[in-house]
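Coordinate inspection notes
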Amino acid sequence: MIEALWGWPPPVFDPAGPYAESVTTLAWVLLGMGVAVTAIVVAALWVALRGPDALKRKLGGERTVWIGGVAFPGVVLTALLVWGLALTASLTADITGDEMRVRVTGEMWWFRVEYLDDDGNVLVADANELHLPVGEPVVLELQSADVIHSFWVPHLSGKKDMIPGRTTLLRVQADRPGRFGGVCAEYCGGPHALMGFVAIAHGQDDFRQWLAGKARRQAASAPGGGAGRRQFMDSGCAACHRVAGTPANGLAGPDLTHVGSRQTLGAGILPNNRGTLIGWIGDSQSIKPGNRMPSYDMLSAEELEDIAIWLEQQK
Amino acid sequence: MKAVGQIFGHAAALGCALGLAACKQPPASRYTFDAGLRDMGRHVIERAGCAACHEIPGIDWPEGRTGPSLAGFDGVGPIAGYLPNTPANLARFVRNAPAAKPGSTMPAMPISSEEAHAVAAYLYGIDDD
Ligand SMILES: [Cu+2]
């Protein structure tokens, strides 16, 4: 159900950019070391059980214990640690030039996504989805609104904790266009297993157009009107959700200004179409048990559909 | 109600006697489709998100409740209590319910008519009793 965990080869072994590549290299080296050490241990076991007496004596000697038990792991593990840290240091490097900045905040159980300008002002507010230009590094400023979450899009970078009261940095980059799944990788209670994410990499011009369009919409009034908009405001949705250009300004749930153009609903877990919108609003608790939006099963099918039709227009 | 049920029962028995295709023929499921088509149906159901509103046997998650459970659907009577239960009608219904059954509260779903036939094959293949 959560895309980051789908597919073959597993995303960790299918990097789509330089940061993920260093993680993949590290993963292969660790796997190789693990295999080598396992082979050595199995060989030693064979010697101990079946081997010739001379070898058995050597294996039990003090020298072997010092070399195989202390020197070898000491040197190898220290070298691996130093090398691994150096290899992945670039993942958390600070902003150095004019990299794009996006603030991603972990919330129980979804991700707030805010595209920032150079001064740190919010250009576009969105949720559960990150759009990025191909071939450019993007610096994510990771935060948490409640408990510790962990941000992980395995195709694009390593895993990084989102810690309350702190900002951690994580660089991501995609070198090919496409859609890459992510997950929260730190147990955060309740429906943690249904806390997903999608990253979508566009060509650079495409991306600039996308961002400019969204920024324009944030400053304009909301499209559509009629029964759906009225029903949305009357049902109390506005207390938890923001739709730019309307009185709806709630912050407890995902920003819905662009919900109609999002690829998923419920934090990366459902496809987004009129049916799933109605199903989510009507009874999100049966889909994502324990999530912080109440089920609106007191609304009629018609009222639900009106709301869904209006939300579909929020692109 | 009882009378209606009886009439329906008689009609069904008569239909069966005449060898119409649409009859329940226990214990085997009433239509058989090849496994490939049913598999495709399952994928379509997952991609379209039908389970956001329905509990569907064979789909572990989600189990939405905005629509009726489809457990035991292989043994159901008329589709949505209205349409004669045939593969063509079922495919029409799952693709565009309000067009197939005026006033239906199930919304039209973004699937092609070919995909709808695969979905129908999957639903007829439900065998959970
Ligand atoms: Cu989590």
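Residues numbered from 1 in each chain as written. Chains lettered and ligands numbered in written order. Predicted model: local features only at pLDDT ≥ 70, side-chain atom pairs only at ≥ 80, totals over all residues. Heavy atoms only, no water.

Thoughts on the overall build of chain A
Where we set the bar: A run of H or I in DSSP becomes a helix once it reaches four residues, and a run of E becomes a strand once it reaches two; helices and strands are each numbered from the N terminus. For every residue, the accessible area obtained with a 1.4 Å probe (protein chains only) is divided by the maximum for its type, and the residue is called buried under 20%, exposed over 50%, and partly exposed between those limits. Two residues qualify as a contact provided that any one of their heavy atoms is within 4.5 Å of a heavy atom in the partner residue. With residues, only the protein chains shown are counted as cover, and all accessible areas are computed by Shrake-Rupley using a 1.4 Å probe. For the purpose of counting charges, residues Lys and Arg are taken to be positive, whereas Asp and Glu are taken to be negative. His and the chain ends are not included. A charge is said to be at NZ when it belongs to Lys, at CZ for Arg, at CG for Asp and at CD for Glu.
Per the secondary structure count, chain A includes seven helices and twelve strands. Its C-alpha atoms give chain A principal-axis dimensions of about 90 × 45 × 35 Å. A total of 315 residues make up chain A; the buried ones form 48% of that total. Partitioning the intrachain contacts of chain A with sequence separation of at least 6 by distance along the chain shows that 63% fall at a separation of at least 24. Roughly 14900 Å² of accessible area belongs to chain A as shown, and the carbon and sulfur atoms make up 60% of that amount. One way to put it: in chain A the 26 positive side-chain charges average out to a point 7 Å from where the 32 negative ones average out.

As for the UniProt feature "domain: Cytochrome c" (unreviewed entry) in chain B
Rule in force here: UniProt positions are given in the numbering used here, feature names are shortened, and annotations may be inferred rather than shown by experiment.
Per the UniProt entry, the sites bearing "domain: Cytochrome c" (unreviewed entry) are residues 36-127 of chain B in this numbering. The span residues 36-127 of chain B carries 41% helix and 0% strand; its end-to-end C-alpha distance comes to 17 Å.

Observations regarding the pairing of strand β10 (residues 196-202) of chain A
Residues and elements named next belong to chain A. As a reminder of what qualifies: Between any two strands, at least two bridges found by DSSP are needed for them to pair.
With seven of seven residues buried, β10 is to be regarded as a mostly interior element. Burial of the side chains of β10 extends over both faces: Gly196, Val198, Ile200 and His202 are buried on one face and Phe197, Ala199 and Ala201 on the other. Here five bridges tie strand β4 (residues 129-133) to β10, and the two strands are oriented parallel to one another. Considered in β10, the bridge of Leu130 is made with Ala199.

Notes on the pattern of salt bridges
Pairing between side chains of opposite charge can happen when the charged atoms of each approach one another. Convention followed: By convention in these notes, a salt bridge is any Lys or Arg side-chain nitrogen within 4 Å of a carboxyl oxygen on Asp or Glu.
Counted according to the given criterion, the structure contains 13 salt bridges over all chains. Taking the shortest distance from any N to any O, the salt bridge between Arg65 of chain B and Asp283 of chain A comes out at 3.0 Å. With Arg65 of chain B in the loop between α2 (35-48) and α3 (87-95) and Asp283 of chain A in helix α6 (residues 274-287), the pair connects residues from two separate chains. One salt bridge connects Arg42 of chain B with Glu46 of chain B, and the closest N-O pair in it is separated by 3.0 Å. On the criterion of helical spacing, the pair formed by Arg42 of chain B and Glu46 of chain B is a turn pair, its members being four residues apart in helix α2.

A closer look at the interface of chain B and chain A
Convention followed: Each of two parts loses accessible area, computed with a 1.4 Å probe, when they are put together; buried area is these two losses added. Here a polar contact is taken to be a pair of N or O atoms separated by no more than 3.5 Å, where protein atoms must pair a possible hydrogen donor with a possible acceptor and residues adjacent in sequence count only if both atoms sit in side chains. Note that Gly is not counted as nonpolar here; it falls among the polar residues with everything else outside the nonpolar set of Ala, Val, Leu, Ile, Met, Phe, Trp, Tyr, Cys and Pro and the charged set of Asp, Glu, Lys and Arg.
At the interface, 16 residues of chain B touch 16 residues of chain A. Taking both sides of the interface into account, the surface hidden between chain B and chain A amounts to around 1200 Å²; carbon and sulfur atoms contribute 69%. Counting across the chain B and chain A interface gives one salt bridge. Here chain B and chain A share five residue pairs in polar contact (both at pLDDT 80 or more) between them. Broken down by class, the residue content of the side of chain B that touches chain A amounts to eight nonpolar, four polar and four charged.

Digging into the environment of Ala127 of chain A
All names here are of chain A. Position of Ala127 among the secondary structure elements: in strand β3 (residues 122-127). Put simply, Ala127 and Glu114 are 13 residues apart on the chain and 7.8 Å apart in space, counted from C-alpha to C-alpha. Setting aside anything within four residues of it in sequence, one finds Ala127 in contact with Trp110, Phe111, Val113, Pro254, Asp255 and Arg262.

A word on the coordination of the copper ion
Ideal values for angles at a metal depend on the geometry: 109.5 degrees with four tetrahedral donors, 90 or 180 degrees with six octahedral donors. Residue and element names in this part refer to chain A. Using the following cut-off: Sites may look incomplete, because water is not among the atoms used; the donor set itself consists of N, O and S atoms within 2.8 Å of the metal (3.2 Å for Na, K and Ca). Between 85 and 135 degrees for all angles marks four donors as tetrahedral; over 155 degrees for opposite donors together with 65 to 115 for all other angles marks four donors as square planar and six as octahedral; every other arrangement is irregular.
Taken together, the protein ligands of the copper ion are Cys184 (SG), Glu186 (O), Cys188 (SG) and His192 (ND1), with distances of 1.9 to 2.7 Å. The coordination sphere of the copper ion comprises four donor atoms, whose angles at the metal cover 84 to 129 degrees; the geometry is irregular. Spacing between the donor residues of the copper ion along their common chain follows C-x1-E-x1-C-x3-H. Judged on exposure class, the residue Cys184 and its partner Cys188 are both buried.

Things to note about the nonpolar core
Residues and elements named next belong to chain A. The condition is simple: To form a nonpolar core, buried Ala, Val, Leu, Ile, Met, Phe, Trp, Tyr and Cys residues must be joined to one another through side-chain atoms within 4.5 Å.
Residues Val102, Tyr115, Leu140, Phe151 and Leu156 are the most contacted members of the largest nonpolar core, which totals 35 residues. Contributing elements (two or more residues each) for this core: β1 (100-107), β2 (110-116), β4, β5 (138-144), β8 (168-172), β9 (178-184), β10 and α4 (204-219). Phe151 has contacts with Val104, Phe111, Leu140, Leu142, Gly158, Lys159, Lys160, Met162, Leu170, Val183 and Phe197, leaving out every residue within four places of it along the chain. Counting residues in each nonpolar core, the second largest holds 29 residues, with Phe232, Ala238, Val259 and Met293 among its members.

Focus on the sheet that holds β10 of chain A
Residue and element names in this part refer to chain A. The cut-off we apply is this: Note on method: axes are straight lines fitted to C-alpha atoms, helices fitted across the in-contact stretch only, with angles between N-to-C directions ranging 0 to 180 degrees.
The strand order across the open sheet formed by five strands is β4-β10-β9-β6-β7, and the pairing between neighbours is mixed. Edge positions in the sheet fall to β4 and β7 (159-162), since each of these pairs with one other strand and no more. The average undirected angle you get between the axes of adjacent strands in this sheet is 25 degrees. Of the strands in this sheet, β4 and β10 touch α4, which is tilted by about 130 degrees from β4.

Topic: the packing of aromatic side chains
All names here are of chain A. We count it as follows: Only rings of Phe, Tyr and Trp enter the pairing, Trp through its six-membered ring, and a pair is recorded when the two centres are within 6.5 Å. The plane angle decides the type: under 30 degrees is stacked, over 60 is edge-to-face, the rest tilted. Here, over-ring charges are defined by two tests on the NZ atom of lysine or the CZ atom of arginine: distance to the ring centre within 6 Å, and angle to the ring normal within 35 degrees.
Inspection of the entire model under this criterion finds eight aromatic pairs over all chains. Members of the aromatic cluster, joined through ring pairs, are Phe111, Phe151 and Phe197. Sitting above the plane of the Trp152 ring, Lys159 keeps its charged end 4.4 Å from the centroid.

A closer look at the sheet that holds β2 of chain A
All names here are of chain A. As summarised here, the arrangement of the five strands in space is β3-β2-β1-β5-β8, forming an open sheet in which the pairing is mixed. Strand pairing shows two members of the sheet lacking a second neighbour, β3 and β8, which therefore form its edges. The sheet shows a mean angle of 25 degrees between the axes of neighbouring strands, direction not considered. Relative to β5, β1 runs parallel, the two sharing seven bridges. Across the sheet, Val104 pairs through a bridge with Leu142, a residue of β5.

Remarks on α6 of chain A
Residue and element names in this part refer to chain A. Defined as follows: A helix is expected to span 1.5 Å for every residue after the first. Here the bend at a residue means the angle between the axes of two seven-residue stretches, the one that ends at it and the one that starts at it.
Taking 1.5 Å of rise per residue, the 14 residues of α6 would be expected to cover 20 Å, yet its terminal C-alpha atoms sit only 16 Å apart, more than 12% below that figure. A maximum bend of about 70 degrees is found in α6 at Ile281. In terms of burial, α6 is a largely internal element, twelve of the 14 residues being buried. What α6 keeps buried is the set Gly275, Thr276, Leu277, Ile278, Gly279, Trp280, Ile281, Gly282, Asp283, Ser284, Ser286 and Ile287.

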